[in-house]
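Read off the chains here:
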Amino acid sequence: LQQALSFIVARFGASVLYLRSNLVLYIGMFVKRLIVGVFLALLPFIAVQWVKQTNWGPLLSVPPARQKGPSSARVVIFEYSDFQCPSCSHAQEPLHHLMDLYQGKVRLAYKYFPLTNVHRNAIPAAHAAECAAAQNKFWPFHDQLFQTQVAWGPLSNPTTSFMAIAQSSQLDIPAFSACYADPSRLGAIQEDIEEGHRREVNATPTFFIGDTRLVGGGPLEGDGARTIERELRK
Amino acid sequence: MKKVSGIDVLLWTVRLAVGGVLVYAGFLKAVAPSAEFAAAIDAYHLIPYHAASFLAVALPWIELLTGTYLIFGFMLRASAIVSSALFGVFLIALGSTLARGMDLASCGCFGAETLRPKQTIGVDIVLFILSIVIATASRKARPGTADYWIETR
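Just so you know, these numbers come straight off a predicted model, no measurement behind them.

Asks: Can you lay out the overall build of chain B for me, pointing to particular residues and giving the numbers?
Replies: Looking only at helices and strands, chain B features 7 helices and 1 strand. For chain B, the succession of helices and strands along the chain, N to C, is α-α-α-α-α-β-α-α. Counting only residues that meet the buried cut, chain B has 44% of its 153 residues in that class. Counting contacts in chain B only where the partners sit at least 6 residues apart, residues at least 24 apart contribute 74% of the total. Accessible surface for chain B amounts to roughly 7900 Å². Of this, 73% is attributable to carbon and sulfur atoms.

Asks: A description of the pairing of strand E6 (residues 212-215) of chain A should follow, citing residues and the corresponding values.
Replies: Residue and element names in this part refer to chain A. Of the two faces of E6, both are covered, the one formed by Thr212 and Leu214 as well as the one formed by Arg213 and Val215. With 4 bridges joining them, strand E5 (residues 206-209) and E6 adopt antiparallel strand pairing. Paired with Ile209 across the two strands is Thr212, which belongs to E6.

Asks: So what about the state of the cysteines? Which residues, and what values?
Replies: Residue and element names in this part refer to chain A. Under the defined criterion, the tally for this structure stands at 1 disulfide over all chains. Note on cysteine connectivity: Cys131 is disulfide-linked to Cys179, with sulfurs 2.1 Å apart. What sets the handedness of the Cys131 and Cys179 disulfide is the S-S torsion sign, and at about -85° it is left-handed. Of this pair, Cys131 sits in helix H4 (residues 122-134) while Cys179 sits in helix H8 (residues 173-180); the two residues are 48 residues apart in sequence, bridging distant segments of the chain. In this pair, the class of Cys131 matches that of Cys179, namely buried.

Asks: Help me get a handle on the pattern of salt bridges, residues and values and all.
Replies: Opposite charge on two side chains permits pairing when their charged atoms draw close. Counting across every chain of the model gives 9 salt bridges over all chains. Linking Glu151 of chain B and Arg33 of chain A is a salt bridge whose minimum nitrogen-to-oxygen distance equals 3.9 Å. With Glu151 of chain B in helix H7 (residues 146-152) and Arg33 of chain A in helix H1 (residues 2-51), this pair bridges two chains. Where Glu63 of chain B meets Lys29 of chain B, a salt bridge forms, and the shortest distance between an N and an O atom there is 2.9 Å. On the criterion of sequence distance, the pair formed by Glu63 of chain B in helix H3 (residues 49-72) and Lys29 of chain B in helix H1 (residues 6-31) is long-range, its members being 34 residues apart. Residue classification places Lys29 of chain B among the partly exposed positions, given a relative accessible area of 23%. A single salt-bridge network, built from bridges that share partners, covers Arg33 of chain A together with Asp147 and Glu151 of chain B.

Rules used throughout
Residues numbered from 1 in each chain as written. Chains lettered and ligands numbered in written order. Predicted model: local features only at pLDDT ≥ 70, side-chain atom pairs only at ≥ 80, totals over all residues. Heavy atoms only, no water. Helix = DSSP H or I, 4+ residues; strand = E, 2+ residues; numbered from the N terminus. Buried < 20%, exposed > 50% of the residue type's maximum accessible area, 1.4 Å probe, protein only. Contact = heavy atoms within 4.5 Å. Areas by Shrake-Rupley, 256 points an atom, 1.4 Å probe, with all protein chains shown as cover. Pairing = 2+ DSSP bridges. Disulfide = S-S within 2.5 Å. Salt bridge = Lys/Arg side-chain N within 4 Å of Asp/Glu carboxyl O.

Below you can see the structure in the form of structure tokens.
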């Protein structure tokens, strides 16, 4: 019996000691891993918070010719768009649908954001649209530019196409031609581009409804109504 | 202390390359408005927009964390498995767009010029294989990794 007892004490005593030392080792290792893991996770987090822009400032006003809807509308949709961008063309349908759905409550304001590095005719198209805006015919010109985008987009010189659109939009052609030849008209486009860059617009179409940014026609279709409702409730 | 071998140096280079790509990609997305990345995910037409919105917020942080852990060699095997899963999923998504005959460039108009889908798939396959190599070679903590430092200190 004595032999058996001393065997159990020796056996269990060693196990307890072994268990204790291992437990201390495991806990120590776990704490070390936790500290290193959190420290390493903090590095990118701090870097992102350092660089990330969270305040884009107020949107600059848009000339009345490039706005659609009543001035008393409680919600304004700002659209950064490129006439040569296929996504911008596809986004017109959900946009028109929203404008119809919230008629009288929503105003649309168009901002130029030609993606010059991928669309070579985007600036000339914006220039032509700005000349149409000077004659208060921005919206019919805008609609036709998108409708005929596939035709004038790949052309090396789209001027003839723009002239044809100007004619069918019933613009004063000599005034339109003089405006289109005047590079000072590009100033308004440049202002919009610079504002877009300040607001971190990198893709078109980008819509701002209140503080909410929606990029592309799909998100506008999916989330546009909900966002407008939220803004109307404010 | 265990001597650093040639394989360790090679593995460190591979870790730096794969981790660097993940950190770079994750950082660019994390600092940009998430709506833009959501639109890019939505262009694949694989998941609903609301899931794309959630993924657009979560994915950059997963990439950043995985990339940082790979570079420092922390939880190396797990990080390499996550990394290979990320590249694997991206490969499937890109492959499906090619199979469906979709041109992603026409789905979203993004200012920056990007690699064509076939080029992207090539780069992605290399990164996927390298991630698997890291996972296979780091069954045990190797010198030059945070895992090794934790185990030996």
